[in-house]
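# A closer look at the structure
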Amino acid sequence: MVAPMAPRKIIIDTDPGQDDAVAILLALAAPEDLDVLGITAVAGNVPLALTQKNVRIICELAGRTDIPVYAGADAPLRHKLVTAEHVHGKTGLDGPRLPDPQMPLADGHAVDFIIETLTAQPAGTVTLVPLGPLTNIATAFEKAPHITGKVAEIVLMGGAYFEVGNITPTAEFNIYVDPEAAEIVFKSGVPLTVMPLDVTHKALTTRPRVEAFRNLGNQSGRMVAEWTDFFERFDKEKYGSAGAPLHDPCTIAYLLDPDLFKGRHINVEIETQSQLTRGMTVADWWRVTDRPANATFMGDVDADGFFRLLTQRIARLP
Ligand code: RIB
Ligand code: CA
């Protein structure tokens, strides 16, 4: 009998955001697969004061007040913060009404938690899962360069190639908000798996998929459905699509079942100089340069399998 694999240690860095919330619920519903060492909040969809509060709301919803939640960067490295209330609403978690969190923030800054955890844990055992602008991750790498050699893998949601931009004609939001941070991460040499809009736009919350969450009969399923009811209006109007892309949960689903996704190991660099194309992920998908491959850039997902996994796991929550 083969001994079950030990759960994979991860740190989630996030800017909730309804899709971040679904990703966090998915991770917390799989303790036998994922050991969430902590969750670090970053400014992004909404300001830090709200993202750090939203993370705690989500942990309480999942019945996981044991998870340490840290507040991190309240602004990008070089630019003024750009937020996305037009997509996520004023609170960042618009849709269902949720009570303020009771659980406290953990003491200390998110960046120091990332550095201390990676320093203490054996090399190659901790995976970083950024779901928002990469400010916390880049700051940690700059403050303690030795930790880049300790990270097992970074599995992030961000960027776009064939889908091009969602916040400007050429840039995806997470990368656009802090392109200098993204450049540090993409040049860090840490193994990178990237979930760009190219793949997340194939994971759409169609009505049957949303109703499957609502019909689970638990509070978490109802919350996921009501967050989606709110969150999807923007993308359906903009793209005329059959639902909203569930961006961030693609990272956690990849950790749980990598065979759901297909992509290429290619070179991806970040535009930081041009005002016009700031934050563009220049993905050498056709390998027309000799720039070294630094990222597995996903382009396809088994959407039915993705939603089956999501629904099965959310069913386990309160
Ligand atoms: O562009 C989509 C990304 O930006 C998602 O992570 C969403 O939550 C926002 O942060
Ligand atoms: Ca996000």
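Before reading on, note that the structure itself is shown above.
Position numbers for residues count from 1 along each chain, tracking the sequence in the order it is written. A letter from A marks each chain and a number from 1 marks each ligand, given out in the order of writing. Under the rules for a predicted model, residues below a pLDDT of 70 receive no local features and side-chain atom pairs below 80 are neither given nor counted, while totals for whole chains, interfaces and linings still include all residues. Working from all heavy atoms in the structure, the side-chain values ignore hydrogens and water.

## A short note on the overall build of the protein chain
Of regular secondary structure, the protein chain possesses twelve helices and ten strands. In terms of principal-axis extent, the alpha carbons of the protein chain reach across some 50 × 50 × 45 Å. The burial tally for the protein chain puts 58% of its 318 residues in the buried class. Residues are treated as being in contact if the distance between any of their heavy atoms lies within 4.5 Å. Of all intrachain contacts in the protein chain linking residues separated by at least 6 positions in sequence, the fraction that spans at least 24 positions is 82%. Within the structure as shown, the protein chain displays about 12,500 Å² of accessible surface, and the carbon and sulfur contribution to it stands at 54%. Positive charges are assigned to Lys and Arg, negative charges to Asp and Glu, while His and the chain termini are left out of the count. Note on charges: their place is set at NZ of Lys, CZ of Arg, CG of Asp or CD of Glu. Each charge sign in the protein chain was given a centre, from 28 positive and 40 negative side chains, and these centres are 2 Å apart. Secondary structure follows DSSP: runs of H or I at least 4 residues long count as helices, runs of E at least 2 residues long count as strands, and numbering of each begins at the N terminus. Whether a residue is buried, partly exposed or exposed follows from its accessible area with a 1.4 Å probe, protein chains only, as a fraction of its type maximum: under 20%, in between, or over 50%, in that order. Method for areas: the Shrake-Rupley scheme with a 1.4 Å probe, in which residue coverage is limited to the protein chains shown.

## Concerning the packing of aromatic side chains
When two rings of Phe, Tyr or Trp (its six-membered ring) have centres within 6.5 Å they constitute a pair, described as stacked for plane angles under 30 degrees, edge-to-face for angles over 60, and tilted for the intermediate range. Counted according to the given criterion, the structure contains eight aromatic pairs. A cation over a ring is seen here: Arg233 above Phe230, with NZ or CZ 4.1 Å from the ring centre. Our definition puts a charge over a ring when NZ of Lys or CZ of Arg is within 6 Å of the ring centre and also within 35 degrees of the ring normal. The lysine or arginine in question, Arg278, covers the ring of Tyr176, its NZ or CZ lying 4.0 Å from the ring centre.

## Focus on the coordination of the calcium ion (ligand 2)
Water is not among the atoms examined, so metal sites may look incomplete; donors are the N, O and S atoms within 2.8 Å of the metal, or within 3.2 Å for Na, K and Ca. Surrounding the calcium ion (ligand 2) are the protein donor atoms Asp15 (OD), Asp20 (OD), Asp20 (OD), Leu131 (O) and Asp248 (OD), which sit 2.3 to 2.6 Å from the metal. Positions of the donor residues of the calcium ion (ligand 2), expressed as sequence spacing, correspond to D-x4-D-x110-L-x116-D. Of this pair, Asp15 sits in the loop between strand S1 (8-14) and helix H1 (18-28) while Leu131 sits in the loop between strand S4 (126-130) and helix H5 (135-143); the two residues are 116 residues apart in sequence, bridging distant segments of the chain. Of the two residues examined, Asp15 and Leu131, each falls in the buried class.

## Digging into the pairing of strand S10 (residues 295-301)
In summary, the side chains of a regular strand alternate between the two faces of the sheet. Taking burial as the measure, the seven residues of S10 include five buried ones, the bulk of the element. Of the pairings in the sheet, the one linking strand S6 (residues 192-195) to S10 comprises two bridges and is parallel in character. Following the sheet pairing, Thr193 is matched in S10 by Thr296. Direction of pairing for strand S7 (residues 261-266) relative to S10: antiparallel, over a ladder of six bridges. Residue Lys262 lies in a different strand from S10, and its bridge partner there is Asp300. Here, a strand pair is defined by DSSP locating no fewer than two bridges between the strands.

## A word on the packing of helix H11 (residues 249-256) against helix H12 (residues 303-314)
Each pair of packed helices can be summarised by the angle the axes make with each other and by the distance between the axes. Between H11 and H12, whose axes approach to 11 Å, the crossing angle comes to 90°. One way to sum up the angle between H11 and H12 is to call them roughly perpendicular. On H12, the residues that touch Pro249, Cys250, Ala253 and Leu256 of H11 are Phe306, Leu309, Leu310 and Arg313. Asp, Glu, Lys and Arg are counted as charged, while Ala, Val, Leu, Ile, Met, Phe, Trp, Tyr, Cys and Pro are counted as nonpolar; the rest, among them Gly, fall into the polar class. The class makeup of the residues in the contact of H11 with H12 is seven nonpolar, no polar and one charged. Interaxial angles span 0 to 180 degrees and are taken between N-to-C directions of axes, which are lines fitted to C-alpha atoms, for helices over the stretch in contact. Roughly parallel here means an angle under 35 degrees, roughly antiparallel means over 145, roughly perpendicular means 65 to 115, and every remaining angle is called oblique.

## A closer look at a nonpolar patch on the surface
Together, Phe162, Trp286 and Val288 line one region of the surface with nonpolar side chains, adding up to about 380 Å² of accessible area. Position of Val288 among the secondary structure elements: in the loop between strand S9 (281-283) and S10. Its relative accessible area of 68% is what places Val288 among the exposed residues. The residues that make up patches have over 30% relative accessible area and no salt bridge, and they are joined within 9 Å when like-charged or within 5 Å when they are Val, Leu, Ile, Met, Phe, Trp or Tyr. By salt bridge we mean one thing: a side-chain nitrogen of Lys or Arg within 4 Å of a carboxyl oxygen of Asp or Glu.

## Points about the packing of H1 against H11
Running from N to C, H1 and H11 cross one another at 20°; their axes reach a closest spacing of 8 Å. One finds that H1 runs roughly parallel with respect to H11. Of H11, the residues touching H1 (which contributes Asp19, Val22, Ala23, Leu26 and Ala27) are Pro249, Ile252, Ala253 and Leu256.

## What about the sheet that holds S10?
Strand order in the open sheet formed by eight strands is S3-S2-S1-S4-S5-S6-S10-S7, and the pairing between neighbours is mixed. Each edge of the open sheet carries a strand with a single partner, namely strand S3 (69-71) and S7. Between one strand axis and the next, the sheet turns through 25° on average, direction left out of account. Relative to S6, strand S5 (residues 151-157) is paired through four bridges, and the arrangement is parallel. By the bridge assignment for S6, Val155 is matched with Thr193.

## Considering helix H4 (residues 110-120)
Along H4, the residues classified as buried are Ala110, Val111, Phe113, Ile114, Ile115, Thr117 and Leu118. Lining the buried residues of H4 we find S1, strand S2 (34-41), S3, S4, H5 and S5.

## A closer look at the side chain of Asn174
In this fold, Asn174 is placed in helix H6 (residues 173-177). Assessed through its relative accessible area of 4%, Asn174 is described here as buried. At a separation of 3.0 Å, a polar atom in the side chain of Asn174 contacts the main-chain carbonyl oxygen of Met157. Residue contacts for Asn174: discarding those within four places in its chain leaves Asp15, Leu131, Gly132, Pro133, Leu134, Met157, Gly158 and Asp248. Pairs of N or O atoms are called polar contacts if they sit within 3.5 Å, as long as, within protein, a hydrogen donor faces a hydrogen acceptor (for residues adjacent in sequence, only side-chain-to-side-chain pairs).

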